[in-house]
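If you want the building blocks of each chain, they are given just below.
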Amino acid sequence: MKLLIRNLARTTTQDEVKSLFEPFGAVQSCTVVMDAQTGQSKGFGFVEMPNPGEAKAATKNLNGLEVAGNTIRVKKAEDK
């Protein structure tokens, strides 16, 4: 299941995001979206977790959590 993480602090790294999700289960991939021009974070990213139950637990527990001064929002990513 692919999750969208919004409202990340610009300083939050992929490793930090991954470490937030790992206690809930296996993390298949983790990406923080970067601005091509500046090389800085755009403030959102994606985490893929192969087990939907683990992904739902992560969403429930991490949505609304304060990380680096920002309240993050976690939800299931919509298909394009």
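The residue numbering used here restarts from 1 in each chain and proceeds along that chain's sequence as written. Predicted model: local features are reported for residues with pLDDT of at least 70 only, side-chain atom pairs are reported and counted for 80 or more only, and whole-chain, interface and lining totals are derived from all residues. Computation of side-chain values covers all heavy atoms of the structure but excludes hydrogens and water.

1. What to know about the nonpolar core
Next up, step 1: We define the nonpolar core as a collection of buried residues of types Ala, Val, Leu, Ile, Met, Phe, Trp, Tyr and Cys that are connected through side-chain atoms lying within 4.5 Å of one another. Only protein chains enter the accessibility calculation, which uses a 1.4 Å probe; a residue whose area is less than 20% of its type maximum is buried, one above 50% is exposed, and one in between is partly exposed. In this structure, Ile-5, Val-17, Phe-21, Val-47, Met-49, Ile-72 and Val-74 are the most contacted members of the largest nonpolar core, which totals 17 residues.
Next up, step 2: Helix and strand definitions here come from DSSP, where helices need a minimum of 4 consecutive H or I residues and strands a minimum of 2 consecutive E residues; each element is numbered from the N-terminal end. Secondary structure elements with two or more residues in this core: strand S1 (2-6), helix H1 (14-21), strand S2 (29-34) and helix H2 (52-62).
Next up, step 3: Not counting chain neighbours up to four residues away, the residues in contact with Ile-5 comprise Phe-21, Gly-43, Phe-44, Gly-45, Phe-46, Val-47, Ile-72, Arg-73 and Val-74. Whether two residues are in contact is decided by their heavy atoms: any pair within 4.5 Å suffices.

2. Describing the side chain of Ser-41
Next up, step 1: Its location among the elements puts Ser-41 in strand S3 (residues 41-48).
Next up, step 2: With residues near it in sequence (within four places) discarded, Ser-41 still touches Ala-9, Arg-10, Val-32, Val-33 and Met-34.

3. Here's the deal with the pattern of salt bridges
Next up, step 1: Each salt bridge in this description consists of a side-chain nitrogen of Lys or Arg and a carboxyl oxygen of Asp or Glu lying within 4 Å of one another. Evaluated as defined, the whole model comprises one salt bridge.
Next up, step 2: The shortest N-O distance in the salt bridge between Lys-18 and Glu-22 comes to 3.9 Å.
Next up, step 3: For Lys-18, a relative accessible area of 32% gives the class partly exposed.
Next up, step 4: With a relative accessible area of 40%, Glu-22 lands in the partly exposed category.

4. Quick look at unusual backbone geometry
Next up, step 1: Positive phi values are uncommon outside glycine, yet Asn-7 reaches one of about 65°.
Next up, step 2: Along the chain, Asn-7 falls in the loop between S1 and H1.
Next up, step 3: Residue classification places Asn-7 among the partly exposed residues on the basis of a relative accessible area of 32%.
Next up, step 4: Unusually for a residue other than glycine, Ala-68 sits at a positive phi of about 55°.
Next up, step 5: Its place among the elements puts Ala-68 in the loop between strand S4 (66-67) and strand S5 (70-71).

5. A closer look at the pairing of S1
Next up, step 1: Two strands qualify as a pair provided DSSP detects at least 2 bridges between them. Note that S1 and S3 share five bridges and pair antiparallel. Looking across to S3, one finds that Lys-2 is bridged to Glu-48.
Next up, step 2: For S1 and strand S6 (residues 73-76), the ladder comprises four bridges, and the chain directions are antiparallel. Its bridge partner being in S6, Leu-4 is matched across the sheet by Lys-75.

6. So, the sheet that holds S3
Next up, step 1: If you walk across this open sheet you meet the four strands as S2-S3-S1-S6, and the pairing is antiparallel. Unpaired on one side and paired on the other, S2 and S6 mark the two borders of the sheet. Direction aside, neighbouring strands of the sheet carry axes that sit 20° apart on average.
Next up, step 2: Between N-to-C directions, angles span 0 to 180 degrees; the directions come from axes that are lines fitted to C-alpha atoms, helices contributing only their stretch in contact. Its contacts with the sheet place H1 against S1, S2, S3 and S6, and it is angled at close to 140° to S2.

Spatial relationships are all this shows, so hold off on functional conclusions.
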